[in-house]
Amino acid sequence: MGEGYDQALQRLREIQKKNLTGGGAEHIERQHQRGKLTARERIETLLDPDTFRELGSMVNTTGSRIDGRKFDAPGDGAVVGTGLVAGRRIAVYASDFTVLGGSIGTQHGLKFVKLMELAARWGLPMVWLLDSSGGRLGYRDVPMAGIDWWFALQSRYSGLITQINVLMGPCIAGQAYCPALCDFLLMSRGTAHLWLGGPRMTAAATSEKIGEDVGGADYHMIYSGTCDLVGASDRETLLLTRRLLGYLPANWRERPPWSAPADLRDRPVAALMDVVPTDTQRVYDMHEVIGLLVDDGEYLEIKDEYAKNLITCFCRFDGHVVGLVANNPGEPGSILEINSCDKYYRFLQVLDAYNLPLVNLVDTPPVVPGEEQEAVGLLRHVGKVLEAYTTATIPKISVILREAYGDAGGILLGVSKGLGVDLCLAWPIARLAVEASTADYREIQDLGLEVEAYEGYLNRSREKVDVFEAARSWTAQVVDEIIEPRDTRKKIIEGLELTRNKREELPRRAKRHGTGPT
């Protein structure tokens, strides 16, 4: 083989061995003591065995800090490459916290940028495994380190390739925009923290003291709605990521993976009538309905602890992936308000970008009124949903279980034909109306009964048109067909088959977007 080859191969293997250990045994042990996996352990957990193919493995940054201390950064704190998840190829980037706290230097930033560009060119999903202290402050390096290019590429490729951020450590300041720009954010409970300004930075800037729980996984799931899925540990969060990828196409041109169900496509679901009471004053848990309808009872709920009055989830009908949105009467009357509108809007954006059909299960009164909601922009948030639903060109199927009242049930959940629902089905117990309240508005105006009217609205008084009256007139443009509850699964599958080759184009314009509400 020759001495030249021997020397070159020895050099290659020495560099690879050094980079495999990241920041060294001491830092790896410290990472484990914090309950975290290393960057390479995370990649191994996410990917199918022995499928990772690294890019940029020779990168190594050495130099000195501003204070003169020397440093050595194998891989510059970033591990990037491609691999397989359930046999499907993805691009993966992992920040290595054992190397200078996973901080972003110039080579680190450019490794990500090049991988993102390749992922877009090759049509691969892009997955971040993030655990980083942010910009590499105090070093003789470019302060931004190319992170402005991260934002630009994430925004330009949004909706073109699937982007998933898995946060398993800190993410602070400017870098915190990266998870917000992805399609989905998963966080590991206990180790993941996402802040624009963490406790120390906030205290230094404003003297405000914020708790350590602010910015954690549960905080961003329950309160801010930024997080989509939470895992109990690094491993569980990565396994959730594998599961999520199983419902998503690689890019906007592909269909999501089909999976043969053990379930029968024409399976009758008579148990639905035991779950959903005919009395509209009685509540029930819509999760039970979903479990009875979908293939094998399996679905993946998104933002399950945020705006719980609305359920958003991925599931399959006859092996085909569907995005399902459903009111949940088990949570404050299944009323829509600002948070649930935002949750719905975001989910709609993702479905339309990646050509995933939408199924709505409808059982709701109108959007809740009141000064508190009006003051913080309820109309703007409802407007976002209206625009997103109307401009979505995907198959859209709605099933009215009990109620479709006013702007929430009659419009936002896809009952009104004018907004583009392809097929609207209804159970024979369904009721429809413009309003839910039975209050006399002439009395309200003359006698000042605003309080009584408001309470009546929230108490959801009912007097409305039953579905048979609505279905008698085709010009009502509401119900395409009344179905037996036991046939709901079969009718949804038939509707998805009918609309599978749907082709719809919006009016052409020079720009990709309109000027919808914010």
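Residues numbered from 1 in each chain as written. Predicted model: local features only at pLDDT ≥ 70, side-chain atom pairs only at ≥ 80, totals over all residues. Heavy atoms only, no water.

Along the chain, the regular secondary structure elements total 19 helices and 20 strands. In the chain, buried positions account for 51% of the 518 residues. The long-range share in the chain, meaning contacts at least 24 apart out of those at least 6 apart in sequence, stands at 74%. As displayed, the chain has an accessible area near 24,000 Å², and 53% of this comes from carbon and sulfur atoms. (Helix = DSSP H or I, 4+ residues; strand = E, 2+ residues; numbered from the N terminus. Buried < 20%, exposed > 50% of the residue type's maximum accessible area, 1.4 Å probe, protein only. Contact = heavy atoms within 4.5 Å. Areas by Shrake-Rupley, 256 points an atom, 1.4 Å probe, with all protein chains shown as cover.)

Turning our eyes to something else, we now look at the sheet that holds strand β9 (residues 184-188). Reading across from one edge, β1-β4-β5-β6-β7-β9-β11 is the order of the 7 strands in this open sheet, with mixed pairing throughout. The sheet terminates laterally at β1 (53-55) and β11 (229-231), the two strands that pair on one side only. When strand polarity is set aside, the average angle formed by the axes of neighbouring strands in this sheet is 20°. Sheet topology places β9 next to β11; 3 bridges connect them, and they run parallel. (Pairing = 2+ DSSP bridges. Axes fitted to C-alpha atoms, helices over the stretch in contact; angles between N-to-C directions.)

Closest axis-to-axis distance for the helix α4 (residues 106-122)/helix α5 (residues 147-156) pair is 9 Å, and the angle between their directions is 15°. With respect to α5, the element α4 is oriented roughly parallel. As α4 runs across α5, the sense of the crossing is left-handed. The segment α4 lies against α5, with His108, Gly109, Phe112, Val113, Met116 and Glu117 engaging Trp149, Trp150, Leu153 and Gln154. Taken together, the residues that form the contact of α4 with α5 break down as 6 nonpolar, 3 polar and 1 charged. (Parallel < 35°, antiparallel > 145°, perpendicular 65-115°, else oblique. Left-handed = near helix turned anticlockwise from the far one by under 90°. Nonpolar A, V, L, I, M, F, W, Y, C, P; charged D, E, K, R; others polar.)

Here the focus is the confidence of the model for the chain. For the chain, the average pLDDT comes to 86, and 85% of its residues sit at 70 or higher. Across residues 439-449, confidence stays below pLDDT 50; counting only partners more than four residues off in sequence or on other chains, it has 9 contacts. (pLDDT = per-residue confidence, 0-100.)

Ranked by internal contacts, the top residues of the largest apolar core, which has 65 residues, are Leu129, Leu244, Phe314, Tyr344 and Ile400. At 8 residues, the largest contribution of residues to this core is made by helix α12 (residues 338-353). If near-sequence neighbours (up to four positions away) are discounted, Ile400 is found in contact with Val362, Val415, Cys424, Leu425, Ala426, Trp427, Ala430, Leu432 and Val479. Within the second largest apolar cluster, 31 residues are counted, among which are Met116, Trp128, Leu185 and Cys227. (Core = buried A, V, L, I, M, F, W, Y, C linked by side-chain atoms within 4.5 Å.)

Below, the discussion takes up unusual backbone geometry. Its identity as a non-glycine residue notwithstanding, Leu100 has a phi of 50°, on the positive side. Note on Leu100: relative accessible area 23%, which makes it partly exposed. Unusually for a residue other than glycine, Asp318 sits at a positive phi of about 55°. By the element assignment, Asp318 lies in the loop between β13 (310-317) and β14 (320-327).

By the criterion of burial, strand β6 (residues 126-130) is predominantly enclosed, with 5 of the 5 residues buried. With burial as the criterion, each face of β6 is covered, one bearing Met126, Trp128 and Leu130 and the other bearing Val127 and Leu129. Bridge analysis of strand β5 (residues 88-95) against β6 gives 4 bridges, and the strand direction is parallel. Residue pairing across strands places Val92 opposite Val127, the latter belonging to β6. Judged from the 5 bridges that link them, β6 and strand β7 (residues 163-167) form a sheet pairing that is parallel.

A separate point is empty space enclosed by the protein. Tallied over the entire structure, the rule returns 1 cavity of 30 Å³ or more. Volume-wise, the largest cavity comes out at about 50 Å³. Taken together, Asn19, Arg40, Glu54, Gly56, Ser57, Pro74, Gly75, Gly77, Ala78, Val79 and Asp96 form the lining of the largest cavity. For the lining of the largest cavity, the residue count by class is 3 nonpolar, 5 polar and 3 charged. (1 Å grid on protein atoms, 1.4 Å probe; cavity = no way out; pocket = protein on both sides within 12 Å on 5 of 7 lines; lining within 4 Å. Points joined across faces, edges and corners; volume = space filled by probe spheres on them.)

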